[in-house]
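Examination of the molecular architecture
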Protein chains: 4
Amino acid sequence: MAVVHTDVQQYKKCIDACNSCMQACEQCLTACLKEPDAAQRGRCVQLLRDCADICALASRVMSRGSDFAGAICRVCAEICEACAQECGRFQDEHCQECARECRACAEECRRMAA
Amino acid sequence: MAVVHTDVQQYKKCIDACNSCMQACEQCLTACLKEPDAAQRGRCVQLLRDCADICALASRVMSRGSDFAGAICRVCAEICEACAQECGRFQDEHCQECARECRACAEECRRMAA
Amino acid sequence: MAVVHTDVQQYKKCIDACNSCMQACEQCLTACLKEPDAAQRGRCVQLLRDCADICALASRVMSRGSDFAGAICRVCAEICEACAQECGRFQDEHCQECARECRACAEECRRMAA
Amino acid sequence: MAVVHTDVQQYKKCIDACNSCMQACEQCLTACLKEPDAAQRGRCVQLLRDCADICALASRVMSRGSDFAGAICRVCAEICEACAQECGRFQDEHCQECARECRACAEECRRMAA
């Protein structure tokens, strides 16, 4: 058990960042649909779907101590960056907050994958 | 192994319906975002997200022969029905096709859960 | 946005419990595979798979403010209870901790679904 | 809609391979737990969990026409190869069949990502 505990401890910060980013993406997507300019947010919604999905998966593979946690976190960082950039273009609170979460998650995932 | 094979055989039609419905929902959501009335489709998009998620889960738990396959298929049928009803309100091809997939999946899930 | 924020705030404790339970299940499953009596843990592993999956889904649908969050949390509570009972039969630390997480999550999910 | 339809058509074979591989992995994992040498299958079970997860995700992102479908299929191919190699070491029918599914899925994912 020692190995598993150490691994998961070491991943703890990245797992939390992924969970937090997934929540922000799911919530931001719901909020985007209610905005008056919802029709202009197609690309944003697409990225939020991908980002929520990959964050959820990254969190799980780290929790299980997978050999592929690094490979998945690398893709997660890439998607989080793209999502942060798109969300960052919108001035509403949920998009700005989501962009911050995505950037923080990308950073943790890069560190983890290094 | 016999038991597993029999179970999965027996679930085969419902697994296929869930996979097919998940695909239709993911594709329909993407297409809804590009429609001129995208802003009026908030509820539809919400239901498509839920429906794709629960269909994906139902497919997996049936594939693994889970004790909770019935309970999950029951919720899946409920969400598929709601999604079919909402998609059915829009006249474009992708919504009409998705509504059909949702109805077919709901029926298979109800049979499976019975 | 107020509605979304309020909903998610209200779900916060249950979302956290689901994320935490998902992590415990993924980690416990990995640890079970390394135990000397791994061959006796087939039912435990099956329940851990289901429990990790439904917790992950419950967390996401609450985060998005889904109309079906209650229905999914109801199934989640049921699966968490079954998993807690099975994990509770094993004396190692990871199973005991996972059983506690499952029980706590089941309670939050029942409250949320009520 | 034309673009979406074309994309998804083009992905069709790979989506089907991912769905089929996910099912094989879920089913094979359940069957591995019932084998007399279940205790020797820890690494196999770990890879089956990862493989089922990434196949399920790949299927969804292709269905939605995601910009990251290629990146995710690249990781999927890598995990499928590793899973095929490990499953291939066991002589029972479910592992041999799962290895075949994994190899076929890896090939489709590589083609798709190219």
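Residues numbered from 1 in each chain as written. Chains lettered and ligands numbered in written order. Predicted model: local features only at pLDDT ≥ 70, side-chain atom pairs only at ≥ 80, totals over all residues. Heavy atoms only, no water.

By the naming in an unreviewed UniProt entry, chain A is Four-helix bundle copper-binding protein, taken from Thermaerobacter subterraneus DSM 13965.

1. Description of the packing of helix 3 (residues 69-87) of chain A against helix 3 (residues 69-87) of chain D
Two quantities define a packed helix pair, namely the angle between the axes and the distance from one axis to the other. Their axes nearest at 10 Å, the elements helix 3 of chain A and helix 3 of chain D cross at an angle of 175 degrees. Regarding the angle of helix 3 of chain A to helix 3 of chain D, the classification is roughly antiparallel. In this structure, helix 3 of chain A uses Ala71, Ile72, Val75, Glu78 and Ile79 of chain A to contact helix 3 of chain D, whose residues at the interface are Ala71, Ile72, Val75, Glu78 and Ile79 of chain D. Grouping the amino acids of the contact of helix 3 of chain A with helix 3 of chain D by side-chain chemistry returns 8 nonpolar, no polar and 2 charged. (Axes fitted to C-alpha atoms, helices over the stretch in contact; angles between N-to-C directions. Helix = DSSP H or I, 4+ residues; strand = E, 2+ residues; numbered from the N terminus. Parallel < 35°, antiparallel > 145°, perpendicular 65-115°, else oblique. Contact = heavy atoms within 4.5 Å. Nonpolar A, V, L, I, M, F, W, Y, C, P; charged D, E, K, R; others polar.)

2. Brief notes about the interface of chain A and chain C
The interface is formed by 23 residues belonging to chain A together with 23 residues belonging to chain C. Where chain A abuts chain C, roughly 2,200 Å² becomes buried across the two surfaces, and 52% of that area is made up of carbon and sulfur atoms. On the chain A side of the contact with chain C, Glu26, Gln27 and Arg60 of chain A bury the most area, a combined 27% of that side's loss. Across the pair Arg64 of chain A and Glu26 of chain C runs a salt bridge whose closest N-O atoms are separated by 2.8 Å. Those elements giving two or more residues to the side of chain A that touches chain C turn out to be helix 1 (2-34), helix 2 (42-63) and helix 4 (93-113) of chain A. For the side of chain A that touches chain C, the element with the most residues is helix 1 of chain A, which contributes 12 residues. For the side of chain A that touches chain C, a count of residues per class yields 8 nonpolar, 8 polar and 7 charged. (Buried area = accessible area lost by both parts, 1.4 Å probe. Salt bridge = Lys/Arg side-chain N within 4 Å of Asp/Glu carboxyl O.)

3. As for the pattern of salt bridges
Counted by the stated rule, this structure contains 64 salt bridges over all chains. Between Asp53 of chain C and Arg60 of chain A there is a salt bridge, with the nearest N and O atoms lying 2.7 Å from each other. Taken together, the positions of Asp53 of chain C in helix 2 (residues 42-63) and Arg60 of chain A in helix 2 put the pair across two chains. Accessibility expressed as a relative area gives 10% for Arg60 of chain A, which makes it buried. The shortest N-O distance in the salt bridge between Glu26 of chain D and Arg60 of chain B comes to 2.8 Å. Linking Glu26 of chain D in helix 1 (residues 2-34) with Arg60 of chain B in helix 2 (residues 42-63), this pair reaches from one chain into another. An identical accessibility class is assigned to Glu26 of chain D and Arg60 of chain B; each is buried. The network of salt bridges with shared partners includes Glu26, Arg49, Asp50 and Asp53 of chain A, Glu26, Arg49, Asp50 and Asp53 of chain B, Arg60 and Arg64 of chain C together with Arg60 and Arg64 of chain D. (Buried < 20%, exposed > 50% of the residue type's maximum accessible area, 1.4 Å probe, protein only.)

4. Considerations on the packing of helix 3 (residues 69-87) of chain B against helix 4 (residues 93-113) of chain B
Residue and element names in this part refer to chain B. Running from N to C, helix 3 and helix 4 cross one another at 155 degrees; their axes reach a closest spacing of 8 Å. Between helix 3 and helix 4, the interaxial angle falls into the category roughly antiparallel. In terms of crossing hand, the pair formed by helix 3 and helix 4 is left-handed. Contacts between helix 3 and helix 4 involve Ala69, Gly70, Cys73, Arg74, Cys76, Ala77, Cys80, Glu81, Cys83, Ala84 and Cys87 on the former and, on the latter, Cys95, Gln96, Cys98, Ala99, Cys102, Arg103, Cys105, Ala106, Cys109, Arg110, Met112 and Ala113. For the contact of helix 3 with helix 4, the per-class residue count stands at 17 nonpolar, 2 polar and 4 charged. (Left-handed = near helix turned anticlockwise from the far one by under 90°.)

5. Let's talk about the interface of chain D and chain A
If you look at the interface, chain D gives 20 residues, while chain A gives 20 residues. Summed over both partners, the interface of chain D with chain A comes to about 1,700 Å²; 57% of that surface belongs to carbon and sulfur atoms. Inspection of the region where chain D meets chain A yields 6 salt bridges. Our count for the chain D to chain A interface comes out at 12 residue pairs in polar contact (both at pLDDT 80 or more). Secondary structure elements with two or more residues in the side of chain D that touches chain A: helix 2 (42-63) and helix 3 of chain D. Tallied by class, residues from the side of chain D that touches chain A come to 10 nonpolar, 3 polar and 7 charged. (Polar contact = N/O pair within 3.5 Å; in protein donor to acceptor, adjacent residues only side chain to side chain.)

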